[in-house]
2 protein chains.
Amino acid sequence: MRNLLANIKIKVDEKVYLKNPDTSEKGRHIVEQSILLIDELGLESFTFKKLAEKIGTTEATIYRYFESKHMLLSYLISWYWSWLEYRLVFATNNIRSAEERLKIAIGILSGKVELDMNFAHVDEVALQKIVVAESAKVYLTKEVDDNNREGFFYSYKRFCKRVADIVREINPAYKFPASLVSTVAETAHYQKFFSLHLPSLTNISDNKESQLVEFLTEMVFKTIGK
Amino acid sequence: MRNLLANIKIKVDEKVYLKNPDTSEKGRHIVEQSILLIDELGLESFTFKKLAEKIGTTEATIYRYFESKHMLLSYLISWYWSWLEYRLVFATNNIRSAEERLKIAIGILSGKVELDMNFAHVDEVALQKIVVAESAKVYLTKEVDDNNREGFFYSYKRFCKRVADIVREINPAYKFPASLVSTVAETAHYQKFFSLHLPSLTNISDNKESQLVEFLTEMVFKTIGK
DNA sequence: CATAAAGCTATAGTATTACTATCGTTATTA
DNA sequence: TAATAACGATAGTAATACTATAGCTTTATG
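Residues numbered from 1 in each chain as written. Chains lettered and ligands numbered in written order. Predicted model: local features only at pLDDT ≥ 70, side-chain atom pairs only at ≥ 80, totals over all residues. Heavy atoms only, no water.

A look at the overall build of chain A
Our working definition: By definition, any uninterrupted DSSP run of H or I lasting at least four residues is a helix, any uninterrupted run of E lasting at least two residues is a strand, and each is numbered from the N terminus. The globule rule used here is 2.2 Å times the number of residues to the 0.38 power, and the radius of gyration it is set against is calculated over C-alpha atoms. Under the scheme applied here, a residue whose accessible area is under 20% of the maximum for its type counts as buried, over 50% as exposed, and between as partly exposed, the area being computed with a 1.4 Å probe on protein chains only. The contact criterion used is simple: two residues touch if any of their non-hydrogen atoms lie within 4.5 Å. Per-residue and other accessible areas were derived by the Shrake-Rupley procedure at a 1.4 Å probe size, with only the shown protein chains allowed to occlude residues.
The secondary structure content of chain A amounts to 11 helices and zero strands. The order of α-helices and β-strands along chain A, N terminus first, is α-α-α-α-α-α-α-α-α-α-α. Relative to the compact-globule value of 17 Å for 226 residues, chain A shows a C-alpha radius of gyration of 18 Å, a close match. The buried share of chain A, taken over its 226 residues, is 57%. Within chain A, counting contacts between residues at least 6 apart in sequence, those at least 24 apart form 72% of the total. Only carbon and sulfur atoms are counted for the fraction: they give 50% of the accessible area of chain A, which is about 9900 Å².

Listed below in C-alpha cells is the structure:
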C-alpha cells in the first residue's frame, strides 16, 4: 500500500494556494510543519512568523505559497477532504451493497485514520485534530461567498455529494440526503470535540470512536428508514 | 406578554462579564450596539474601537464591562441560551406529552423567534444570526477548558440538559440523549448557514424554516424510536 | 557552459489590533 | 456635603498581518 501511495498525490484545488506547495521541498516542508504548529498552538496563536522560525525561513517565503493564514488553513482542510474522498473511493470500490458503502463512509467520517494510508509529509492524525477544532472557522466568515465562488470548499462538497448519492441509492424517496450527510460530517467533528472538552454535551467517551460510529450509524439508518 | 416580560431579566452567569451590563444604561447600550455591529461586520472585523465610536464612548469604558471581545461574544451567546431556556420553559409549561414538549424544543432550536417575547435592548433576530455564524468560535479555542471551568458554557449546557431529559422521558433506553440534543442544536445552526451560503450541502431552502423543523423532527423521532 | 529566470533570504516598514495605564471630571448615594 | 463609583480623554505598547524591495542562490534552458 505504501508503495502504491507513494506515487499518488492528493490534488487540491488551485485557488487555495498561490504556488502549489506540493511542487517543491520548501512547500512540502511548510505544509508539514504548519500542521504540527497549528495543532500545537491553535489557529489564533499560530502565525507565519512562528512557522518561518520553526522551519528556518522567513515570512516572505511562506507568503509566496499562501496569501494568508486563512488560505493556508483552507489548503490543509481541502487536502484533508480530498484525502478522505480518496480513501472512500478506495474502500468502497467493488462493494455492491449501498448500505455497506454508507457504513464505510460513516466510519471514515468518524475518523478512523488508517496508518497504512499516509503521505510522507503529512501527519494525518494532527491534521484530523485541526479539522475537528478549526475547520468551521474556514467558512464562518463574512468572505464565505467569495471563497465559495473561488472554490475553497470544493473538496468538502464533493465528498458530501458522493455520500449523499449513496443515501439516495438506499432510499430515493428520502427528502434530505445532502442535509443528513453534512450533519454527519459536522457532528463527527464536534462530538469528538465535546467528548474531549465539554463532556456533558455528549454520551461519547473520550477515545471511544466506536461509540461515535454507533451513534451516527443508528441515527442515519433509522432516519432514512432502513 | 410584553408587560410581563418587562419585569423579567435574563440572567447571565457572572463569569462572562467584569461588570454586569444589565445594571446600567451604558452597559445595555454596549450590548445593544455590539449585537448590531457584530452582525454587520462579523466577529473578525468587529473591534471595541469601532463599537466605542458607534456608541460615542471610548474603548476604556467597554473594557470595564468586558475583558475582551471573546468575553463579550460569550456574554451574548450565554444570554441567547438563557433566553431560549426561558422560552422553552414557558412554552412547555403544563404540556403533559413529552413528545409534544420535544417538538416544541426542536421548533425553538430551529429558530422561530417570536416577536412578542423580546427585550428592549436586544435585537433577537440579529442575535440569532450571530449565534449561527459565530458561536462555534466561542468554544473552538485552546482556552476552552479554562473557559468551561469558569462557566462560559453554563447556559448552553443547561438548555441541552433540559431537552435531553425530555428525550430520556420518551425513551429511557436510548443511549445517546445528550449527543442527539447537541447535534440538533448545532445542526440547526449550520444547516441555516449552509442554506444561505453553501446550498449544495443542504436540502433546506433559504428562509424555509419549516423544512429545517421537518428534517430535525423526523431525524430525532426516528432515531429515538417513536 | 553561459545566462536568464525562478526561488529564497534578509531586512525594513506600515496600519491595525488588543489591550493597559493614568488622570481628571461627572454623576450617584449615603 | 463628602465619599465613591462610573465615565471620558489621552497616551502608550507589543504583536499581528501583511507589503516592499534588493541581493543572492539554485535550477533550467539554449
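Anyway, onward from the coordinates.
Concerning the protein's contact with DNA strand D
We count it as follows: Residues are counted as near a molecule or strand when any one of their heavy atoms sits within 4 Å of it. As used in this structure description, the phrase polar contact means that two N or O atoms lie within 3.5 Å; if the pair is within protein, one of them must be able to donate a hydrogen and the other to accept it, and residues adjacent in sequence are counted only when both atoms belong to side chains. The residue classification treats Ala, Val, Leu, Ile, Met, Phe, Trp, Tyr, Cys and Pro as nonpolar and Asp, Glu, Lys and Arg as charged. All others, Gly included, are polar.
Within the structure, DNA strand D sits among 15 residues, and Y63(A), K26(B), T57(B), T61(B) and R64(B) are positioned closest to it. Backbone atoms, meaning sugar and phosphate, make up 56% of the atoms of DNA strand D lying within 4 Å of the protein. Between a phosphate oxygen of DNA strand D and a side-chain N or O atom of Y65(B), the distance comes to 3.1 Å. Counting residues per element, the ones that place at least two in the surface near DNA strand D are α4 (59–65) of chain A together with α4 (59–65) of chain B. Here the residues of the surface near DNA strand D sort into three nonpolar, five polar and seven charged.

Structural notes on the protein's contact with DNA strand C
In the region of DNA strand C, 15 residues are neighbours, and K26(A), T57(A), T61(A), R64(A) and Y63(B) sit closest. A distance of 2.9 Å separates a phosphate oxygen of DNA strand C from a polar atom in the side chain of K26(A). Contact distances for DNA strand C include 3.4 Å between a base nitrogen and a side-chain N or O atom of E59(B). Counting residues per element, the ones that place at least two in the surface near DNA strand C are α4 of chain A together with α4 of chain B. Of the residues belonging to the surface near DNA strand C, the class tally is three nonpolar, five polar and seven charged.

Observations concerning the nonpolar core
What counts, and what does not: We call a set of buried residues a nonpolar core when its members are Ala, Val, Leu, Ile, Met, Phe, Trp, Tyr or Cys and they connect through side-chain atoms within 4.5 Å of each other.
Formed by 159 residues in total, the largest nonpolar core has its most connected members in L102(A) and L102(B). Per-element accounting of this core gives the leading share, 13 residues, to helix α5 (residues 69–92) of chain A.

Considering helix α7 (residues 124–134) of chain B
Residue and element names in this part refer to chain B. Most of α7 is tucked away: nine of the 11 residues are buried. When α7 is considered as a whole, its buried residues turn out to be E124, A126, L127, Q128, I130, V131, V132, A133 and E134. In this structure, the buried residues of α7 make contact with α2 (25–41), α5 (69–92), α8 (136–139) and α11 (177–197). Sitting at the head of α7, D123 places a side-chain oxygen 3.1 Å from the backbone nitrogen of V125.

A look at the relation of the copies chain A and chain B
Applying a rotation about an axis and a shift along it to one chain copy brings it onto the other copy. Spelled out, the test is: All copies are superposed by least squares; the fitting set is the C-alpha atoms of residues with a pLDDT of at least 70 in both.
For the match of chain A to chain B, the screw axis carries a shift of 0.0 Å, the RMSD comes to 0.0 Å, and the turn is 180°. Taken together, these values place the two copies in the relation of a two-fold axis.

So, the confidence of the model for chain A
Residues and elements named next belong to chain A. Filter applied, for reference: One confidence number per residue, pLDDT, is output by the predictor and ranges from 0 to 100.
Across chain A, the average pLDDT comes to 92, with 93% of residues at 70 or higher. When mean pLDDT is compared element by element in chain A, helix α10 (residues 177–197) scores highest at 98, while helix α1 (residues 2–6) scores lowest at 46. Counting contacts from residues 1–5, a segment whose pLDDT is below 50, to residues more than four positions away or on other chains yields 12 contacts.

A word on the packing of aromatic side chains
To be explicit about the condition: Here is the rule: rings of Phe, Tyr and Trp (six-membered ring for Trp) pair when centre to centre is within 6.5 Å. Planes less than 30 degrees apart are stacked, more than 60 are edge-to-face, and the remainder are tilted. Distance and angle both matter: a charge sits over a ring if NZ of Lys or CZ of Arg is within 6 Å of the ring centre and within 35 degrees of the ring normal.
Counted according to the given criterion, the structure contains 33 aromatic pairs over all chains. Between W81(A) and Y156(A), the aromatic rings sit 4.6 Å apart at their centres with planes inclined by 35°, giving tilted as the arrangement. Here W81(A) is found in helix α5, whereas its partner Y156(A) is found in helix α9 (residues 154–170), with 75 residues between them in sequence. Assigned by exposure class, W81(A) and Y156(A) land together as buried. Through a chain of ring-to-ring contacts, three or more aromatic side chains come together here, namely Y139(A), Y190(A), F193(A), F194(A), Y139(B), Y190(B), F193(B) and F194(B). Above the face of the F221(A) ring, K103(A) is positioned so that its terminal group lies 5.7 Å from the ring centre.

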